[in-house]
Amino acid sequence: MNLFAQAVQWILDPLNYVGVNAIPLRVFEHLAFTLVTLVIASAIAIPIGFFIGHTGRGRGLAVSVAGAFRAIPTLGLLTLVALWIGIGLGAPFVALTILAIPPILAGAYTGFEAIDRRTVDAARAVGMSEGQIVRGVEVPLGLPLLIGGIRSAALQVVATATLAAYIADIGLGRYLFTGLKTRDHAEMLGGSILVILLALALEGIFATIQRFVVPRGVISSRSKVVRVRSSRARPMVNSAVEKGTQ
Amino acid sequence: MFTANRGRLALFGAVAVGAVVALAGCATGDPLATGSGDSASETLIVGSQDYYSNEIIAEIYSQALEDGGYTVDRQFRIGQREVYLPDIEAGGIDVFPEYTGSLLQALEPDAAAGTADDVYTALESALPDGLSLLDRADASDQNSWTVSKAFAEQYGLTDIASLANVTEPITVGGNSELEERPYNPEALTAKYGIEFAGFTPIEDGGGPLTVKALLDGDIQITNIYTASPAFADGSIVALDDPDNLFLPDNVVPVVSDKVDDGAADILNAVSAALTEDVLVTLNARSSNDQESADKIATDWLAEANL
């Protein structure tokens, strides 16, 4: 417990709020780096995921490539890229983008795949073009799963972004490395706590977004609000009730 | 129904026990402290820094001791000096390959500069009770302020003080602990009036990333150990240190009372054979040929008839 008290003390120490190593600055760097990585990873993964989800083509390839990406050790990749392009932000950026792509890609195409085919066919039947189907039907319905994918990527990236400090003067990882190498465990734990808080905050934000992007028509828990059946009585065909109990 | 409930209960139980165990682990103060083992007094604990060259020396010590009939417990790659020194002082490690000057500076920050023998003598008296030095090796692996050859030629750099001639911003790179050491950039500013533009962490201990950063010009100056094979091709140069900012750093085994005369003789024989050239060759086999410390140590011991 003593160590935790020291870590909290370290976080609250006014000395850690000034200069180049100030906590707010490091938190900002960490967050900015995480968000930029997520935006770039999304820009790569979402269009590919939508294409796979809409056409159903290339799914096997995407699954295996994304799976292989997940297996890459980030520190190893970081070192490899840094030996190629040099130290600085480039290498951690590449390594973290590769870390973030698989969950976002999976979120994008599973979001499309989870949509009832009859809904898509209905949209096609009423004369919507393929573009309209993607924009008006598949994207909104697939959004909760996509946001879920981004949420999972955000969690991984915000935690792993500490590695950026291995070769660049950026982010909360600086506290971890300095604390580790100079045996300043309060600093190390304090830095870790800040990373955890940041991760929890991002989780909260994405969980909220995920709730709000669910289209009104498909929220089962709010079925009271949505009209569940037509005001005119109609014979029920092929419904579960007629099929018998399950 | 009953089984299902019991299964669930068992699951809850397992989770609860796991959580309690995990929390109990947290509660016992410093989670990184190693218990100083006093059991198995016949086993010698050999430690090493988180530095490949130091690990090779520790492996040589270990194998030589094992050949002499001792049982060895290897605790390698513990960390840097800040991390393991308390363990050594507490007697948790019996044999540790150290570097005379750096260890002296860690124990006595104001230690005076001097020759290799002066430093050795000063270190002997600075060591806490229960620890002693065996013979030092001829090999040394010193810290150095190192720049690229191109940078040195551009500004006619020869020694550390001449860095004051540099007109462009100087960025320092290296492990995080470099900022805290007695020869840190602040010390250079205080002593020679050299201004630095900033510090870039490169946490590979003067390894390939650091050398690349130096050659790319991402950093202008760094700390690379002088026995590093990176110096072999002449693309980087260590600046002279006439004021002995870095003390002579000869390899020396720091040992506890558990090391008896027989073991001491074995380690002294190793130190006697460990010359500067040998150390550079051993390091090159690790960093250029990617051989394991284990194999390098075995080969060298056979070669040196130890």
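Residues numbered from 1 in each chain as written. Chains lettered and ligands numbered in written order. Predicted model: local features only at pLDDT ≥ 70, side-chain atom pairs only at ≥ 80, totals over all residues.

(A) View of the overall build of chain B. Scanning chain B from N- to C-terminus turns up 11 helices and 10 strands. Out of the 306 residues in chain B, the part that is buried amounts to 41%. The long-range share in chain B, meaning contacts at least 24 apart out of those at least 6 apart in sequence, stands at 76%. (Helix = DSSP H or I, 4+ residues; strand = E, 2+ residues; numbered from the N terminus. Buried ≥ 20, exposed ≤ 12 C-beta atoms within 10 Å, placed from the backbone. Contact = placed C-beta atoms within 7 Å.)

(B) Highlighting the overall build of chain A. A tally of helices and strands in chain A yields 10 helices and 0 strands. The secondary structure elements of chain A, listed N-terminal to C-terminal, are α-α-α-α-α-α-α-α-α-α. Buried positions account for 36% of the 246 residues belonging to chain A. Contacts in chain A between residues far apart in sequence, at least 24 positions, make up 73% of those at least 6 positions apart.

(C) Summary view of the environment of B:Ile221. Residues and elements named next belong to chain B. Note on placement: Ile221 falls in strand 8 (residues 221-223). Linking Ile221 and Ser148, residues 73 residues apart in sequence, is a C-alpha distance of 7.8 Å. Not counting residues within four places of it along the chain, the set of residues in contact with Ile221 comprises Trp145, Thr146, Val147, Ile170 and Val172.

(D) Representation of helix 9 (residues 185-212) of chain A within the structure. Helix length check: helix 9 of chain A, at 28 residues, gives a terminal C-alpha distance of 41 Å against a target of 40 Å (1.5 Å per residue), a fit within 8%. All of the buried residues along helix 9 of chain A are A:Ala186, A:Glu187, A:Met188, A:Leu189, A:Gly190, A:Gly191, A:Leu194, A:Val195 and A:Leu202. (Expected span 1.5 Å × (residues − 1).)

(E) Region of interest: the domain arrangement of chain B. All names here are of chain B. Annotation of chain B at the domain level lists domain 1 (43-141 + 249-303) and domain 2 (145-238). For domain 1 and domain 2, the distance between their C-alpha centres works out to 26 Å. Listed by partner, the interface residues are 14 residues for domain 1 and 9 residues for domain 2. Among the elements that make up the side of domain 1 that touches domain 2, the one with the highest residue count is helix 10 (residues 276-287) (5 residues). Looking at the side of domain 1 that touches domain 2, its residues break down into 6 nonpolar, 6 polar and 2 charged. (Domains from an automatic or database assignment. Nonpolar A, V, L, I, M, F, W, Y, C, P; charged D, E, K, R; others polar.)

(F) Main features of the UniProt feature "transmembrane region" (unreviewed entry) in chain A. Residues and elements named next belong to chain A. Per the UniProt record, "transmembrane region" (unreviewed entry) is annotated on residues 31-53, 65-87, 93-112, 153-177 and 189-214. Secondary structure content for residues 65-87 is 83% helix and 0% strand, while the C-alpha to C-alpha distance between its ends is 27 Å. Measuring from the first to the last C-alpha atom of residues 189-214 gives 38 Å, for a span that is 92% helix and 0% strand. (UniProt positions renumbered as here; feature names shortened; annotations may be inferred.)

(G) Examining the packing of helix 7 (residues 130-160) of chain A against helix 9 of chain A more closely. Residue and element names in this part refer to chain A. Put simply, helix 7 and helix 9 touch, their axes get as near as 9 Å, and they point 175° apart. Judged by the inter-axis angle, helix 7 sits roughly antiparallel to helix 9. From helix 7, Pro144, Ile147, Gly148, Ile150, Arg151, Ala154, Leu155, Val158 and Ala159 reach across to helix 9, where they touch Val195, Leu198, Ala199, Leu202, Glu203, Phe206, Ile209 and Gln210. Residues that form the contact of helix 7 with helix 9 fall into these classes: 13 nonpolar, 2 polar and 2 charged. (Axes fitted to C-alpha atoms, helices over the stretch in contact; angles between N-to-C directions. Parallel < 35°, antiparallel > 145°, perpendicular 65-115°, else oblique.)

(H) Summary view of the UniProt feature "domain: ABC-type glycine betaine transport system substrate-binding" (unreviewed entry) in chain B. The positions that UniProt labels "domain: ABC-type glycine betaine transport system substrate-binding" (unreviewed entry) are, in the present scheme, residues 43-303 of chain B. Annotation note: span residues 43-303 of chain B, helix share 40%, strand share 18%, distance between end C-alpha atoms 27 Å.

(I) Representation of the interface of chain B and chain A. In this complex, chain B contributes 23 residues to the contact, which on the side of chain A involves 21 residues. At the level of secondary structure, the elements contributing two or more residues to the side of chain B that touches chain A comprise helix 3 (81-89), strand 7 (198-201) and helix 8 (208-216) of chain B. Top contributing element to the side of chain B that touches chain A by residue count: helix 8 of chain B, with 5 residues.

(J) Broad picture of the sheet that holds strand 5 (residues 145-148) of chain B. Residues and elements named next belong to chain B. What the 5 strands build is an open sheet, ordered 7-6-8-5-9; its pairing is mixed. The open sheet is flanked by strand 7 and strand 9 (236-238), the only strands paired with a single partner. Neighbour-to-neighbour, the strand axes of this sheet turn through a mean angle of 30°, independent of strand direction. In this structure, strand 6 (residues 171-174) lies alongside strand 7, joined through 4 bridges in parallel fashion. (Pairing = 2+ DSSP bridges.)

(K) Representation of the UniProt feature "domain: ABC transmembrane type-1" (unreviewed entry) in chain A in the model. Summarizing the sequence annotation, UniProt attributes the feature "domain: ABC transmembrane type-1" (unreviewed entry) to residues 27-206 of chain A in the numbering used throughout. Taken end to end, residues 27-206 of chain A is 83% helix and 0% strand, and its first and last C-alpha atoms sit 18 Å apart.

(L) Structural detail: the nonpolar core. Core analysis: the biggest nonpolar cluster contains 122 residues, and A:Ala100, A:Ile104, A:Val157, B:Leu44 and B:Tyr61 have the highest contact counts within it. When residues of this core are assigned to their parent elements, the largest contribution, 13 residues, is made by helix 5 (residues 90-113) of chain A. A domain split of this core shows at least three residues from each of domain 1 (43-141 + 249-303) and domain 2 (145-238) of chain B. Those residues in contact with B:Tyr61, other than ones at most four positions away along the chain, are B:Val46, B:Val95, B:Pro97, B:Pro253, B:Leu267 and B:Val270. (Core = buried A, V, L, I, M, F, W, Y, C linked by C-beta atoms within 7 Å.)

(M) Examining the packing of helix 2 (residues 23-55) of chain A against helix 5 of chain A more closely. Residue and element names in this part refer to chain A. Two numbers describe how helix 2 lies on helix 5: the axes approach to 7 Å, and their chain directions differ by 35°. The way helix 2 lies across helix 5 gives a crossing that is right-handed. A class-by-class count of the residues in the contact of helix 2 with helix 5 yields 18 nonpolar, 7 polar and 1 charged. (Left-handed = near helix turned anticlockwise from the far one by under 90°.)

(N) Focus on the pairing of strand 10 (residues 251-256) of chain B. All names here are of chain B. Among the 6 residues in strand 10, 5 count as buried, and that is most of the element. When strand 3 (residues 95-99) meets strand 10, the two strands line up antiparallel, connected through 5 bridges. Opposite Pro97, over in strand 10, you have Pro253 as the bridge partner. Sheet analysis places strand 4 (residues 131-133) next to strand 10, joined by 3 bridges and oriented antiparallel. Its bridge partner being in strand 10, Ser132 is matched across the sheet by Val255.

(O) Structural detail: the confidence of the model for chain A. Residue and element names in this part refer to chain A. Model confidence for chain A is summarised by a mean pLDDT of 86, while 87% of its residues fall at 70 or above. Per-element averaging of pLDDT across chain A places helix 10 (residues 240-243) at the bottom with 44 and helix 2 at the top with 95. Taken together, the stretch residues 237-246 has pLDDT below 50 and engages in 3 contacts with residues farther than four places along the chain or on a different chain. (pLDDT = per-residue confidence, 0-100.)

(P) Structural context of the confidence of the model for chain B. All names here are of chain B. The pLDDT averaged across chain B works out to 85; a share of 87% of its residues lies at or above 70. A low-confidence stretch, residues 24-31 (pLDDT under 50), is modelled with 7 contacts involving residues beyond four sequence positions or located in other chains. Counted against residues more than four places away or in other chains, residues 33-41, with its pLDDT under 50, gives 6 contacts. Interface confidence for the predicted complex, given as ipTM, is 0.71, next to a pTM of 0.73.

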